[in-house]
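# Coordinate inspection notes
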Amino acid sequence: MPTTMKAVRKLTPGPGASLVTVPVPEPGPLDVLVKVNATSVCGTDYHIYSWDPWSQGRIKPPLTTGHELAGEVVAVGSQVTTHRVGDFISAETHIVCGHCQQCLTGQYHVCQNTRILGVDTDGAFAQYLSLPASNAWKNDPDLPADVASVQEPLGNAVHTVLSVPITGNVVAVTGCGPIGLMAIAVARLSGATAVFAVDVNDYRLDLARRMGATEVIDGRKEDVVARLRRLSGGGGVDVLLEFSGNPTAINQGLKALRPGGKAAMLGLPSRPLEIDLGNDIVMKGIEVKGIAGRRMYDTWFKVKGLLRGGLDLRPLITHRLPLEAYEDAMELMRQGNCGKVILYPHGVPNN
Ligand code: NAD
Ligand code: ZN
């Protein structure tokens, strides 16, 4: 085992990050040490890199960012009995307390003391990382590393889609970033009658088509509400899945829902927003559900089942880069002309 490793770290408060050599972490008694084979870039990583207002309030440098990963267990802490060297794992990134009311009632995904890997603790943009064994999800051995890495945001998509009735229903997806794109494929596989996808970026609209959207709608050019109503036969869509966090898209989605419809909302607006609660929710009898993270570990079992059942994420993974090219990855994230970008801390595999 090497004693030092490469890591992308935010060393000081402010934009950017540095590629540095640091000691390989020592796993604590309940931790596993993981060799990171693939780590995908999340919007959160870009927010921290660009040092947005949320990061300024939350991040305490120095910190290794990154939290979506696939890797191999190379050492286990002295008290770990559940994992072995050689296990192929991904990470549930919410490190929960186990003793608050939510944790004690099985609602770990809304633990009030949650710490997040790569946000509150050193993360995956490194050749090795240490994490609690209880957060290390064992993958099927033949799952490709890139797909294994994106299971964390896939879990967000699956949690959202499966929280509302999909089979035989007409679905609108607002926001076709990586999570919305995955939700399109999950909703199709779950038996949606049709999935109508809305975005404002050509690259993402093209990916939405390739992930199985029945129709795509360009929010810059079209009357989104009128088009969704027309496509659903006049009355409105049965289900809204919201992944943009954009106030315009959220309002359009709610207006396009039929009376009695259901909305599941994962997108995070950057500030409080105005909605017509009376007309668009109360008097239409809409049910709105907020979706935080992934259910631990129900959602992970569903993710495993969907991948075994043929969920195809190939169009989603658009860029593969060595860890050293993290600045190029962040530029892709800034432009939005990408699906998932995967970084490889030990080199990009040939196949
Ligand atoms: P992303 O930023 O890549 O995707 C957002 C998409 O919305 C982009 O493709 C963008 O073009 C599109 N968009 C912007 N304005 C729009 C408009 N007016 N109409 C339609 N589409 C519009 O983000 P992502 O990584 O796919 O994540 C999706 C959202 O989920 C983000 O808001 C993120 O912060 C949030 N998130 C929430 C959780 C949770 O636990 N609730 C977890 C992860 C991410
Ligand atoms: Zn808790």
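For every chain, the first residue of the written sequence is number 1, and numbering continues from 1 onward in sequence order. Chain A is the first chain written and ligand 1 is the first ligand written, with later ones labelled in order. Side-chain atom pairs in this predicted model are given and counted only at pLDDT of 80 or more, local residue features only at pLDDT of at least 70, and totals for whole chains, interfaces and linings cover all residues. Here the side-chain values reflect all heavy atoms present in the structure, with hydrogen atoms and water set aside.

## What to know about the site of ligand 1
What surrounds ligand 1 is a group of 20 residues, the closest being Asp199, Arg204, Phe243, Ile291 and Gly293. N or O atoms within 3.5 Å of each other form a polar contact, as long as, within protein, one can give a hydrogen and the other can take it, and as long as residues adjacent in sequence are counted only when both atoms are side-chain atoms. Gly177 places a main-chain nitrogen or oxygen 3.3 Å from an oxygen atom of ligand 1. Backbone polar atom of Ile179 to an oxygen atom of ligand 1: 3.1 Å apart, as the coordinates give it. Here ligand 1 has 860 Å² of accessible area as a free molecule, and 77% of this is covered by the chains. Each residue is tested against the molecule or strand, and it is near if at least one of its non-hydrogen atoms lies within 4 Å. Accessible surface is estimated by sampling points in the Shrake-Rupley manner with a 1.4 Å probe; for residues, cover comes only from the protein chains shown.

## Quick word on the pairing of strand β14 (residues 237-242)
Burial status follows relative accessibility: with a 1.4 Å probe on protein chains alone, a residue under 20% of its type maximum counts as buried, one over 50% as exposed, and anything between as partly exposed. Each helix is a run of H or I in the DSSP string that is no shorter than four residues. Each strand is a run of E no shorter than two, and both are numbered from the N terminus. Most of β14 sits out of view: 6 of its 6 residues are buried. Pairing between strands requires that DSSP locate at least two bridges from one strand to the other. Pairing between strand β11 (residues 170-174) and β14: 4 bridges, direction parallel. Bridge pairing in β14 places Val173 opposite Leu241. Alignment of β14 against strand β15 (residues 257-265), held across 5 bridges, turns out to be parallel. Counted as the bridge partner of Val237 is Leu257 from β15. Handedness of the β-α-β unit built from β14, helix α9 (residues 247-256) and β15 comes out right-handed. Orienting the strands away from the viewer, one traces the path from the first strand over the helix to the second; a clockwise path indicates a right-handed crossover.

## A word on the coordination of the zinc ion (ligand 2)
Here the zinc ion (ligand 2) is held by Cys97 (SG), Cys100 (SG), Cys103 (SG) and Cys111 (SG), and the distances to it run 2.3 to 2.4 Å. Because water is not among the atoms used, a metal site may look incomplete, as its donors are only the N, O and S atoms within 2.8 Å, or 3.2 Å for Na, K and Ca. Metal sites are grouped by the angles between bound donors: all angles between 85 and 135 degrees with four donors is tetrahedral, opposite donors over 155 degrees apart with the others between 65 and 115 is square planar for four donors and octahedral for six, and any other pattern is irregular. One way to put it: the 4 donor atoms around the zinc ion (ligand 2) meet at angles of 104 to 118 degrees, and that makes the site tetrahedral. For the zinc ion (ligand 2), the single-chain donor residues occur in sequence as C-x2-C-x2-C-x7-C. Classification of Cys111 as buried rests on a relative accessible area of 7%.

By themselves, these figures tell us nothing about what the structure is for.
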